[in-house]
Each structure stands twice: as C-alpha cells, then as structure tokens.
Amino acid sequence: MDNILTQIAQYKQEASAFTAANAEAAENFRIKYLGTKGILKSVMGEMKNVPNENKKQFGQTVNELKSFLERKHAELKAAFESRETASSGMDLSLPGDPVSVGTRHPLTITRNRIVSIFKRLGFALAEGPDIEDDWHNFGAMNLPEDHPARDMQDTFYINQNPSWLLRTHTSSVQARVMETQKPPIRVICPGRVYRNETISARAHCFFHQVEGLYIDENVSFADLKQTLYFFVKEMFGNDVKVRFRPSYFPFTEPSAEMDISCRICEGEGCNVCKHTGWVEILGSGMVHPNVLENFGIDSNKYTGYAFGMGIERIAQLKYRVNDLRLYSQNDVRFLKQFTGAL
Ligand code: 2U9
C-alpha cells in the first residue's frame, strides 16, 4: 500500500512540473495521464491489490489525483489557447469581414413582380413540365399540323422520343389546367420556354414567359383590356401610355398586341423602340372557341381571354438590359447590380 501511495505522489509531482508549448503537448499530457491506457487508469487498476481496510483511503487518494490531473490539463489547454489568440493579434472587438450574399436574378425579380400583380387580381399560380408532348404544346392550342412553329428548325424535339419536345410557350401549362379544372379558371403561368434560335443580343434558344388565362361566363375583350391596363400601370407607373394593335395567333380570336410608350427614351426615339416611341410588350386575345372545345368547355356558354409576355422584354425595359445573353452568362458584374432589389 505504501509503495503505491509513494508512486502516486511521484506522478503528481511529475505532472505538476509538466509544461506545454503548444496544443499538441497539452494533448500528449491528456493521453499520458488521463487517456484510456494512461497512468490514472493503471493506478485505478491497483484497487484490487489494496487490502480491504485501506480501500477507502486509497480511493480518496486516487480521486484527488484524478481531480488534480484534470485541472492541470484544463490549465495547459487554456494557457495555450489564450496564447494563440494573443499572438495572432486578433482584435475581437472589430466588425467581421463582410459576407457577400447572393442577389436575386433580374428575371426572378421581374417574374415575381408580374406574378404578384396578377395574384392581387385573383389569378392563381400554375406551373407545368418543360418537356411536353405535341398535343399540349401545339395540337390543343389550335396549331395546324403544318404550322411552321412545329418545324424542327423552330422547335427542339427529344432525340430518344420525337413525340416529346421542349415547350415553345407556357400555353401548355394552361392546357393542363383546362384538362383538370372546370371554369371559372383564372391562372397565371410563368416558366422557361425553348426555341431553336441562333443566340444573339436579340434572340436566345431559351427565354421566359408569363402567360395568363381567364375563362368564365361573360368574359369580354373589355375585361382583357382593363386587366392589362392595370398590369402595365402597376409595372411601369401611372404615366405609361398604352396602345393595342390587331394581330393574329392561332389560339386567340380576335387577337391584339399591346405596346407601351418607350420607358428608355420616354418617346423621344431610341434603339430599343426603333425610333417609334413605342415598344411591344405582350400578345393577347379572346381564347379561340376550338381551344375551349378541345377541353370540353362549351364555347357558347363560356368565353375567355389569354395573354403572354416575355419576362426578358419586361426586365429589359425596367432595367435597361441591352443584350439578352447577359441574363444567362452568370457574370457577377451584371448580377450584382441587382443587390437590394426585391
Ligand atoms: C390558352 C389559350 C390561349 C396565350 C397568348 C400570346 C398571345 C403572345 C407572345 C408574347 C411574347 C409570346 O413571349 S412571346 O414571344 N405571346 O403573343 N400568348 S395570347 O394564349 C393562350 C394561352 C393558353 C389555353
């Protein structure tokens, strides 16, 4: 018993004299004295050799050794840690390095604005697949078999299965809504669309659209005009001027395109408005009866209007973006100009 007590006193002395120059030395101390195969464990193992009448005293001595070693280890670690902090010259009272947060993409900002305006008018948001079949993209939309838009020169078909294609407009989303819902239907459908175009400042092989559809009893062209007036005023301000021009789309009859006074030159004449003072921002019209009947909607009872716009175009006018390619080049010099925009 005396031998082991002397041994413990020696361990204590040795440990007390231990100094650590770095974190590794402090860790070595822990392993040597407190580790699973360390000195404390081996001292504890001696309990079985201690006579019963001495076990209590031995137990107390071992507990003291344990507390001592743990305190010493904590001191070694703390001393090292505070030395590291002091020697790094770090001033913890200084503000941290700014973390640059990402910005919303201008097309996302524009899409959200458009959608939120129509949501306030009671439109519900609907989305659908980018890969479509011929029926939802073309057939249901009253595009005849020989319509040029169906041409491979204009549309991307899927190699493995040419009856699938990349949607050329988001009208296919409204088609899917009409398939599953009965009038009244009032939806706004944003999404990416694809067309086989050579990429340039003015054209791209993909772009983004928002289309809207409203079908109910007694929906008129006047409702369409009033809705679109409200939209442009909310989007571009109260002083914007608006004009409708007759147009043609296979899926609407009658059809019209809508121009607004150029936001870039305020009507003075510039490249964007081709010196006319007007820029086209959307197409629209009353849903063609054939389209309604394609979905079993009685065209004698129900009428509807629809419209479609390119988000890039709206963003171009809002933010004066003069090259379509900027939207998809991921150049942070372009993107960070939208910091703080919601
Ligand atoms: C259904 C019925 C009719 C959606 C419409 C337009 C007119 C239109 C273009 C604007 C610029 C596409 O991005 S763009 O090139 N769109 O002119 N879109 S009416 O008509 C529909 C949609 C769905 C069931």
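In every chain, residue numbers begin from 1 and rise along the written sequence. Given that the model is predicted, a residue must reach a pLDDT of at least 70 before its local features are reported, and side-chain atom pairs must reach 80 or more before they are shown or counted; all residues, however, enter totals for whole chains, interfaces and linings. Water and hydrogen atoms were dropped before computing side-chain values, which therefore reflect all heavy atoms in the structure.

Focus on the overall build of the protein
Here comes step 1: Working definition: helices are DSSP H or I runs of at least four residues, strands are E runs of at least two. Numbering for both runs from the N terminus. A tally of helices and strands in the protein yields 11 helices and nine strands.
Here comes step 2: For a compact globule of 342 residues, the expected C-alpha radius of gyration is about 20 Å, and the protein comes in at 37 Å, more than 25% above that figure.
Here comes step 3: A principal-axis box enclosing the C-alpha atoms of the protein has dimensions of 110 × 50 × 40 Å.
Here comes step 4: By residue count, 41% of the 342 residues in the protein fall in the buried class. Every radius of gyration here is taken over C-alpha atoms, with the globule rule written as 2.2 Å times N^0.38, N being the number of residues. Exposure classes here rest on a 1.4 Å probe applied to the protein chains alone. A residue is buried below 20% of its type maximum, exposed above 50%, and partly exposed in between.

Here's the deal with the UniProt feature "domain: Aminoacyl-transfer RNA synthetases class-II family profile" (unreviewed entry) in the protein
Here comes step 1: UniProt positions are given in the numbering used here, feature names are shortened, and annotations may be inferred rather than shown by experiment. The sites that UniProt annotates as "domain: Aminoacyl-transfer RNA synthetases class-II family profile" (unreviewed entry) are residues 114–317.
Here comes step 2: The annotated region residues 114–317 carries 25% helix and 32% strand content, and the separation between its end C-alpha atoms amounts to 13 Å.

A word on the pairing of strand E7 (residues 252–261)
Here comes step 1: Burial of E7 is extensive: eight of the 10 residues sit out of reach of the surface.
Here comes step 2: Count of turn residues in the strand E6 (residues 242–249)/E7 antiparallel hairpin: two residues.
Here comes step 3: DSSP calls a pair of strands paired once it identifies at least 2 bridges connecting them. Pairing between E7 and strand E8 (residues 278–287): eight bridges, direction antiparallel. In the strand pairing of E8, Met258 is matched with Leu282.

Structural notes on the site of the ligand
Here comes step 1: The criterion for a residue being near a molecule or strand is simple. One of its heavy atoms has to lie within 4 Å of it. Taken together, 19 residues are adjacent to the ligand, and Gln209, Phe249, Gly283, Ala306 and Gly308 come closest.
Here comes step 2: As used in this structure description, the phrase polar contact means that two N or O atoms lie within 3.5 Å; if the pair is within protein, one of them must be able to donate a hydrogen and the other to accept it, and residues adjacent in sequence are counted only when both atoms belong to side chains. Between the ligand and Gln209, the relevant distance is 2.9 Å, taken from an oxygen atom to a side-chain nitrogen or oxygen of the residue.
Here comes step 3: What sets the accessible areas is the Shrake-Rupley method with a 1.4 Å probe; for residues, cover comes only from the shown protein chains. Within the complex, the protein chains bury 88% of what would otherwise be the 560 Å² of accessible surface of the ligand.
Here comes step 4: Looking at the shell around the ligand, the elements with two or more residues in it are helix H7 (171–180), strand E5 (206–216), E8 and strand E9 (303–310).
Here comes step 5: Note on residue classes: Ala, Val, Leu, Ile, Met, Phe, Trp, Tyr, Cys and Pro are nonpolar, Asp, Glu, Lys and Arg are charged, and everything else, Gly too, is polar. Along the lines of polarity and charge, the residues of the shell around the ligand split into nine nonpolar, eight polar and two charged.

Focus on the pattern of salt bridges
Here comes step 1: Note on definitions: salt bridges are taken to be side-chain nitrogens of Lys or Arg within 4 Å of carboxyl oxygens of Asp or Glu. Tallied over the full model, the rule gives 18 salt bridges.
Here comes step 2: Of the charged contacts in the structure, one is a salt bridge between Glu14 and Lys32, with a shortest N-O distance of 3.5 Å. With Glu14 in helix H1 (residues 2–16) and Lys32 in helix H2 (residues 23–34), the pair connects residues that are 18 residues apart, well separated along the chain.
Here comes step 3: On the basis of relative accessibility, which here comes to 40%, the residue Glu14 falls in the partly exposed class.
Here comes step 4: Residue class for Lys32 comes out partly exposed when judged on its relative accessible area of 40%.
Here comes step 5: In this structure, the salt-bridge partner of Glu280 is Arg245, at a minimum N-O distance of 3.7 Å. Of the two residues, Glu280 is situated in strand E8 and Arg245 in strand E6; the sequence distance between them amounts to 35 residues.
Here comes step 6: Note on Glu280: relative accessible area 38%, which makes it partly exposed.
Here comes step 7: If you follow the salt bridges from partner to partner, you end up with Arg243, Arg245, Glu257, Asp259 and Glu280 in one network.

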